[in-house]
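# Residue-level structure breakdown
This is what each chain is made of:
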Protein chains: 2
Amino acid sequence: MRVLVTGAGGFIGTTLVRLLQEAGHVAGRPIQALAAADMQLGSAGAGLLALEGDLGSAEMLQRIADFAPQVCFHLAAVPGGAAEADPLLSRRVNLDATLDLFQVLAEAAKVRQERPPVVVYASTIAVYGSPLPDPVTPASPTRPPMTYGAHKLACEIMLAESTRRGLLDGRSLRLPGIVARPRVPSGLVSAFMSDLLHAVAAGEQFTCPVSAQATAWWMSARRCAQNLVHAAAMDVALDSQGQVGRAWPLPVLRLSIAEVVQALSRVYDVDGAQLVRYSPQPGIEAVFGRYPALDDSAARLLGMRDDGSPEALVRRALDPRYEEPQ
Amino acid sequence: MRVLVTGAGGFIGTTLVRLLQEAGHVAGRPIQALAAADMQLGSAGAGLLALEGDLGSAEMLQRIADFAPQVCFHLAAVPGGAAEADPLLSRRVNLDATLDLFQVLAEAAKVRQERPPVVVYASTIAVYGSPLPDPVTPASPTRPPMTYGAHKLACEIMLAESTRRGLLDGRSLRLPGIVARPRVPSGLVSAFMSDLLHAVAAGEQFTCPVSAQATAWWMSARRCAQNLVHAAAMDVALDSQGQVGRAWPLPVLRLSIAEVVQALSRVYDVDGAQLVRYSPQPGIEAVFGRYPALDDSAARLLGMRDDGSPEALVRRALDPRYEEPQ
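Here the structure is a predicted model, which is why all the values come from computation and not from measurement.

Looking now at the overall build of chain A. Each helix and strand in chain A was counted, giving twelve helices and 14 strands. Its C-alpha radius of gyration of 19 Å places chain A within 12% of the 20 Å reference for a compact globule of 326 residues. Projected onto its principal axes, the C-alpha positions of chain A cover 60 × 40 × 40 Å. When contacts within chain A are restricted to residue pairs at least 6 apart in sequence, long-range pairs at least 24 apart make up 77% of them.

Next up on the list: the domain arrangement of chain A. Residue and element names in this part refer to chain A. You can read the domains of chain A as domain 1 (2–176 + 218–249) and domain 2 (179–217 + 252–294 + 308–318). Averaged C-alpha coordinates put domain 1 and domain 2 at centres separated by 26 Å. Considering only residue class, the side of domain 1 that touches domain 2 consists of 13 nonpolar, four polar and three charged.

Quick look at unusual backbone geometry now. Residue and element names in this part refer to chain A. Cis geometry marks the peptide bond from Asp134 to Pro135, where omega comes out at -5 degrees. By the element assignment, Pro135 lies in the loop between strand E7 (118–124) and helix H5 (147–164). The backbone of Ala68 sits at a positive phi, close to 50 degrees, despite the residue not being glycine. By the element assignment, Ala68 lies in the loop between helix H2 (58–67) and strand E6 (71–74). Ala68 sits in the partly exposed class, given 19 other C-beta atoms within 10 Å.

The next subject is the relation of the copies chain A and chain B. Once chain A is rotated about the relating axis by 180 degrees and shifted along it by 0.0 Å, it coincides with chain B to within an RMSD of 0.0 Å. Here the transformation between the copies is reduced to the relation of a two-fold axis. Nearest to the rotation axis, the C-alpha of A:Ala154 is located 2.4 Å from it, this being the minimum over chain A. When the interface residues of chain A are mapped onto chain B, 100% of them are again interface residues, pointing to one common binding face.

All right, on to the interface of chain A and chain B then. At the junction of the two partners, chain A supplies 17 residues and chain B supplies 17 residues. Mapped onto the side of chain A that touches chain B, the elements with two or more residues apiece are helix H4 (87–111) and H5 of chain A. Looking at which element gives the most residues to the side of chain A that touches chain B, the answer is H5(A), with seven residues. When the residues that make up the side of chain A that touches chain B are grouped by side-chain class, the tally is ten nonpolar, four polar and three charged.

The subject of this paragraph is the pairing of strand E7 (residues 118–124) of chain B. All names here are of chain B. In terms of burial, E7 is a largely internal element, seven of the seven residues being buried. Here E7 shows two buried faces, one formed by Val118, Val120, Ala122 and Thr124 and the other by Val119, Tyr121 and Ser123. Strand direction decides the pairing type here: E7 and strand E8 (residues 169–175), joined by seven bridges, are parallel. Directly across from Thr124, in E8, lies its bridge partner Leu175. On the question of chirality, the crossover connecting E7 to the parallel E8 by way of helix H5 (residues 147–164) is right-handed.

A few words on the sheet that holds strand E13 (residues 253–256) of chain B. Residues and elements named next belong to chain B. Strand order in the open sheet made by the three strands is E9-E11-E13, with mixed pairing throughout. This sheet does not close on itself; its edge strands, each paired only once, are strand E9 (177–179) and E13. Each strand of the sheet is rotated relative to its neighbour by a mean of 50 degrees, with strand direction disregarded.

So, about the packing of helix H6 (residues 191–201) of chain B against helix H8 (residues 257–268) of chain B. Residues and elements named next belong to chain B. It is at 10 Å that the axes of H6 and H8 come closest, and there the two elements cross at 35 degrees. Relative to H8, the crossing made by H6 is right-handed. Residues Leu196, Leu197, Val200 and Ala201 of H6 form the contact with H8, whose own contacting residues are Val260, Val261, Leu264 and Tyr268. Taken together, the residues that form the contact of H6 with H8 break down as eight nonpolar, no polar and no charged.

Attention now moves to the environment of B:Ala299. Its place among the elements puts B:Ala299 in helix H11 (residues 297–301). Placed 49 residues apart in sequence, B:Ala299 and B:Leu250 show a C-alpha to C-alpha distance of 6.2 Å.

The next point concerns H8(B). Note: α-helices contain 3.6 residues per turn, so residues at a spacing of three or four share the same orientation. Residues and elements named next belong to chain B. If you check H8, its first and last C-alpha atoms are 16 Å apart, about what twelve residues at 1.5 Å a residue would give, namely 16 Å. Buried within H8 we find Ile257, Val260, Val261, Ala263 and Leu264. Angular distribution of buried residues about the axis of H8 spans 160 degrees; they occupy a single face of the element. Phi turns positive, to about 55 degrees, at Asp269, one or two residues after H8.

Next up on the list: the confidence of the model for chain A. Confidence in the prediction for chain A averages 92 pLDDT; 97% of positions are at 70 or higher. Interface confidence in the predicted complex, given as ipTM, is 0.90; pTM for the same model is 0.93.

We now examine the pairing of strand E8 (residues 169–175) of chain A. The side chains of a regular strand alternate, residue by residue, between the two faces of the sheet. Residue and element names in this part refer to chain A. Among the seven residues of E8, seven are classified as buried, and the element is accordingly described as predominantly covered. Going residue by residue along E8, you find Asp169, Arg171, Leu173 and Leu175 tucked away on one face and Gly170, Ser172 and Arg174 tucked away on the opposite face as well. Note: E8 against strand E12 (residues 247–249), three bridges, orientation parallel. Within the sheet, the bridge partner assigned to Leu173 lies in E12 and is Trp248.

Residue and element names in this part refer to chain B. With parallel pairing, the seven strands of this open sheet are ordered in space as E5-E4-E1-E6-E7-E8-E12. At either end of the open sheet lies a strand with only one pairing partner, and these are strand E5 (49–52) and strand E12 (247–249). Put simply, the sheet's adjacent strands are angled 15 degrees from each other on average, direction ignored. Two strands pair when backbone bridges link them, and strand E4 (residues 33–38) and E5 are joined in this way by four bridges, in the parallel orientation. Following the sheet pairing, Ala36 is matched in E5 by Ala50. On the sheet, helix H7 (residues 221–233) packs against strand E6 (71–74), E7 and E8 and is oriented at approximately 160 degrees with respect to E8.

Cut-offs and rules
- Residues numbered from 1 in each chain as written.
- Chains lettered and ligands numbered in written order.
- Predicted model: local features only at pLDDT ≥ 70, side-chain atom pairs only at ≥ 80, totals over all residues.
- Helix = DSSP H or I, 4+ residues; strand = E, 2+ residues; numbered from the N terminus.
- Rg over C-alpha atoms; globule rule 2.2 N^0.38 Å.
- Contact = placed C-beta atoms within 7 Å.
- Domains from an automatic or database assignment.
- Nonpolar A, V, L, I, M, F, W, Y, C, P; charged D, E, K, R; others polar.
- Buried ≥ 20, exposed ≤ 12 C-beta atoms within 10 Å, placed from the backbone.
- Least-squares fit on C-alpha atoms with pLDDT ≥ 70 in both.
- Pairing = 2+ DSSP bridges.
- Right-handed = clockwise from strand over helix to strand, strands pointing away.
- Axes fitted to C-alpha atoms, helices over the stretch in contact; angles between N-to-C directions.
- Left-handed = near helix turned anticlockwise from the far one by under 90°.
- Expected span 1.5 Å × (residues − 1).
- Arc of directions from axis to C-beta.
- pLDDT = per-residue confidence, 0-100.

Right, dumping it as structure tokens:
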């Protein structure tokens, strides 16, 4: 199996590449070649076919066509805050280059007379409206409140369309906030969720930009990567559940900041209540503090999973050597 | 008011241009300049600023930027059947060129420090699934069953997004089958609906590719054009009704072929029952013969209208001199 990961140098991408290398197979078939694409790969490219460069460039698309992935995990994107600040860049990367990639994947398989490539597309819960409908269900209308979500939704639609045409075998997963990102500027407004985990686990003071009652959807990067791999393998009908077909929100743990802080306190033996000061910012609280219940039953039925418990979430998010319970 | 109509040489476009010329104003303000864009305009360009050429070309976009429309009716598109046969052409025209147009409109207004231009976008009921949910409501999920509808839906989303950003003032109308198109090849699978009207009104035999009971949504080109003009003028809130925001299905008459044939028989004093032979083709019957009830109350509340009666529909569709009842 020839497998491509775009955005492989990113937070979820590096976790996914490591998981694929450890597993050595995807969808029950051994990985013969693993390619990683990103603007910069650094150490993330070790032992892989490293495709460094601009995803939308003709050269990169040609290299991807030559590799002809049978499975593509498409994670590369200008993140939410950066997309909002530069919508033309978001259009170029998050929309145009993504659609170009879909075309190249389909054409490469067609030339080789292979099956339509499986495309696991990292979409986002930002396709839903703001405020979110309560609860969010597969029937909830999508009204993306930011450029990032609008471009992601357009790509979901076009991936479902390519699937209908028999050109690709698409699976769009709507990712929630994924933790714990490295403590470097990421362009993501939701980065505070990760910063909270790092700080409290390390016993550091943290000023939280939302209230203790602020409730969000949480998932660790490792569980996210496991779900992405599962999504490539799962057996789905052409017209399966989801707003636009072939799109599912990932199962999530719905937790308040206070619940996460309690879990951190238990796991890392710190006094979270003392460490965290709350300074809610209305704009952030409105978007990241009022997540309603999510009907994620369709994704659960297909075998996707949340982190299991707040404790497992924070351990899986922070400890690379955390042993999965069997 | 500077007004642009794209697709001005087409069936609905010519009707709309004529209506705008007759009215002389839009949204209560006099039209100072009317521009018509299309690949070929022919006589449709008389008395207008004629912009002939490929909508997606840099030259055309520059000419549109120079004109800086305050209201744009965007009708230009590769039609459904043609888009399905050539999805790459559909992407170029129905998606990429449309998004380029949106950008140019927004930038031209910004340079002149004018209000965000009003964009009335001709979308389609083909954004809904096949089979259609029964009834179709604003909450019905969109699952476009063809390339045409997928690209239209993506553009609806991006127009709503540009509206949210304050760059444009978008209004997407989901058009049903519009009659009566000229009896020339159009690339539209639904062309039989128009051919039926022309044939029976002229007392000619007609072989209908759907059954007498086949039920569809109908609207005359003139009523459609009236609704497009109304949509430019209507006062809508930013977050108004519609699947993706700022998108409404037009109010429709839901009629069976038999009901339309009866109306034609009455208005044109022919024996439609004798003229029409039914030879249902399962593929066409499935897509164009099973239209469910449509909850078009949101559009009606905003003042959009159907043709009123089957008789008014066929007269308005076929007789350019039909006098509107006061």
